[in-house]
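As a plain string of letters, each chain reads:
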Amino acid sequence: MAGEFNLIEKYFVGRQQQRRDVLLAAGDDCALVQVPQGLSVAISTDTLVSGTHFLPEANPAWVAHKALASNISDLAAMGATPAWVSFALTMPKPDEAWLAPFCDAFFELADYFGIQLIGGDTTKGPLSLTLTVQGLVAPDKALRRDGAKVGDWIYVTGDLGDSKAGLEVVLNRDEGEGKPFARELEQRHYLSTPRVLVGQALLGLASSAIDISDGLISDVQHILQRSKVGASIDVSKLPVSNELVQFLGDPQKAQQYALTSGEEYELCFTVPEQNQGAIESALAHCGAKFTCIGQIRPEGIFEIHSQGEALNWSLSGYDHFQ
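Residues numbered from 1 in each chain as written. Predicted model: local features only at pLDDT ≥ 70, side-chain atom pairs only at ≥ 80, totals over all residues. Heavy atoms only, no water.

You'll find the chain entered in an unreviewed UniProt entry as Thiamine-monophosphate kinase, with Vibrio nereis given as the organism. Turning to the chain, the UniProt annotation filed under Catalytic activity (unreviewed entry) states: "thiamine phosphate + ATP = thiamine diphosphate + ADP". In its Sequence similarities (unreviewed entry) section, UniProt records this for the chain: "Belongs to the thiamine-monophosphate kinase family." (UniProt positions renumbered as here; feature names shortened; annotations may be inferred.)

Structural data, given as structure tokens:
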């Protein structure tokens, strides 16, 4: 079996064209990159652990997509253009049958978004993946969580809830397989689409943004806390797929999934009233649907309702330590 350095050379080195801003990539003690004048570097790190974020028997190509897409989604949430990624891989032993499809999918997605692998590490241990992505954005335009104002409108991209249903199929194979669209929802759990173009289109128009990784009901709270505001959300406007409704057999339950589903990697963002018309035009050609689901209210108010009828649902998003 190949040793560490042979493994790196075979599967990770020379897989991509070198970006102009990469002066030195894998193969030395550090990578060297050139930051264009007037731009800042947006940096995000995430870890995926076997048995927590994916099962050991999961399709390695899907695992690769999930690992990189979830990190690129963080860049999208700030309106950053993906540039570079570092990758630390921990494995019990070198497994080329797993690595080959993993790396093929990893580099396919990386090339699609123009993000170059510039370094990393491999080591022995329980299977886990740690990625650090870096993107470029003008510092005065970066989307943040602390800019929402009372009266701003709350939007989300895509459909919500599919990832939670897909995870149920993964964890309860026998029960899930008997339901309609189980396989489609399982695939959507792993194969999210980072909304990079949406994030870039929102620069100068949105007042705040976040990607939905722990569930909308949790992630919107991060905006509210940082911006010191409240919110009113109309669940009747939550975008849910027909597949999710048929899988669950209950439209109201689908709305609850839309509020609590983690690992969606869609964007939640707020838009001032005066920018609503511009948003329609800016996002028209980004390849993602977007839906207004509520409005920012004064601090201390958090309302969940259906067309004005108050709901007393007790819901929470995903917590990594529960």
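(A) Here's a closer look at the UniProt feature "binding site: Mg(2+) 1" (unreviewed entry) in the chain. UniProt's entry tags Thr45, Asp46 and Asp121 with the feature "binding site: Mg(2+) 1" (unreviewed entry), counted in the numbering of this structure. None of the other annotated residues line the second largest pocket; only Asp121 do. Position of Thr45 relative to the elements: it lies in strand 3 (residues 40–49). Residue class for Thr45 comes out partly exposed when judged on its relative accessible area of 45%. Residues in contact with Thr45, not counting those within four places in the same chain, are Asn71, Thr130, Leu131 and Thr132. A polar contact of 2.8 Å, which involves the side chain of Thr45, links it to the side chain of Thr132. Locating Asp121 in the fold gives a position in strand 5 (residues 116–124). (1 Å grid on protein atoms, 1.4 Å probe; cavity = no way out; pocket = protein on both sides within 12 Å on 5 of 7 lines; lining within 4 Å. Helix = DSSP H or I, 4+ residues; strand = E, 2+ residues; numbered from the N terminus. Buried < 20%, exposed > 50% of the residue type's maximum accessible area, 1.4 Å probe, protein only. Contact = heavy atoms within 4.5 Å. Polar contact = N/O pair within 3.5 Å; in protein donor to acceptor, adjacent residues only side chain to side chain.)

(B) How the structure looks around the nonpolar core. Counting residues in each nonpolar core, the largest one holds 41 residues, and the members touching the most others are Phe12, Leu68, Leu99, Phe102 and Leu129. Mapped by element, the contributors of at least two residues to this core are helix 1 (4–11), strand 3, helix 2 (60–77), strand 4 (81–91), helix 3 (96–113) and strand 6 (128–137). Ranked by residue count, the leading element in this core is helix 3, at ten residues. When we break this core down by domain, the ones giving at least three residues each are domain 1 (4–137) and domain 2 (152–309). (Core = buried A, V, L, I, M, F, W, Y, C linked by side-chain atoms within 4.5 Å. Domains from an automatic or database assignment.)

(C) Looking closely at the UniProt feature "binding site: ATP" (unreviewed entry) in the chain. With numbering aligned to this structure, UniProt lists the feature "binding site: ATP" (unreviewed entry) at Gly120, Asp121, Arg145 and Ser213. Spatially, the listed residues are scattered: they cover 94 residues, and their C-alpha atoms lie as much as 31.8 Å apart. Within the annotated group, the residues that form the lining of the second largest pocket are Gly120 and Asp121. One can find Gly120 in strand 5. Relative accessible area serves as the criterion here: at 41%, Asp121 is assigned to the partly exposed category.

(D) Quick look at the packing of helix 2 against helix 6 (residues 182–190). Taken N-terminus to C-terminus, the directions of helix 2 and helix 6 make an angle of 50°; their axes are 8 Å apart at the nearest point. Taken together, helix 2 and helix 6 sit at an angle that is classed as oblique. Packed against helix 2, whose contacting residues are Trp62, Val63, His65 and Lys66, the element helix 6 presents Glu186, Gln187, His189 and Tyr190 at the interface. The class makeup of the residues in the contact of helix 2 with helix 6 is three nonpolar, three polar and two charged. (Axes fitted to C-alpha atoms, helices over the stretch in contact; angles between N-to-C directions. Parallel < 35°, antiparallel > 145°, perpendicular 65-115°, else oblique. Nonpolar A, V, L, I, M, F, W, Y, C, P; charged D, E, K, R; others polar.)

(E) Molecular detail of the packing of aromatic side chains. Counted under the stated rule, the structure contains nine aromatic pairs. Ring centres of Phe87 and Phe102 lie 5.7 Å apart, and the angle between their planes is 20°; on these two criteria the pair is classed as stacked. Residue Phe87 is located in strand 4, and its partner Phe102 is located in helix 3; the two are separated by 15 residues in the primary sequence. We classify Phe87 as buried; its relative accessible area is 5%. With a centroid separation of 6.1 Å and 20° between ring planes, the pair formed by Phe102 and Phe106 is classed as stacked. Remark: Phe106 and Phe102 occur in helix 3; sequence separation between them is four residues, near one turn of the helix. An aromatic cluster of three or more residues is present, and its members are Phe87, Trp98, Phe102, Phe106 and Phe107. The ring of Tyr257 has Lys164 sitting right over it, with the charged end atom 5.2 Å from the ring centre. (Phe/Tyr/Trp six-rings, centres within 6.5 Å; stacked < 30°, edge-to-face > 60°. Lys NZ or Arg CZ within 6 Å of the ring centre and 35° of its normal.)

(F) Spotlight on the sheet that holds strand 11 (residues 290–297). Judged by pairing direction, the sheet is mixed, and its seven strands sit side by side in the order 8-10-7-11-9-12-13 without closing on themselves. Lying at the two open borders of the sheet, with one neighbouring strand each, are strand 8 (208–211) and strand 13 (309–310). Of the pairings in the sheet, the one linking strand 9 (residues 230–234) to strand 11 comprises four bridges and is antiparallel in character. Following the sheet pairing, Gly230 is matched in strand 11 by Arg297. Of the strands in this sheet, strand 8 and strand 10 (267–271) touch helix 2, which is tilted by about 175° from strand 8. (Pairing = 2+ DSSP bridges.)

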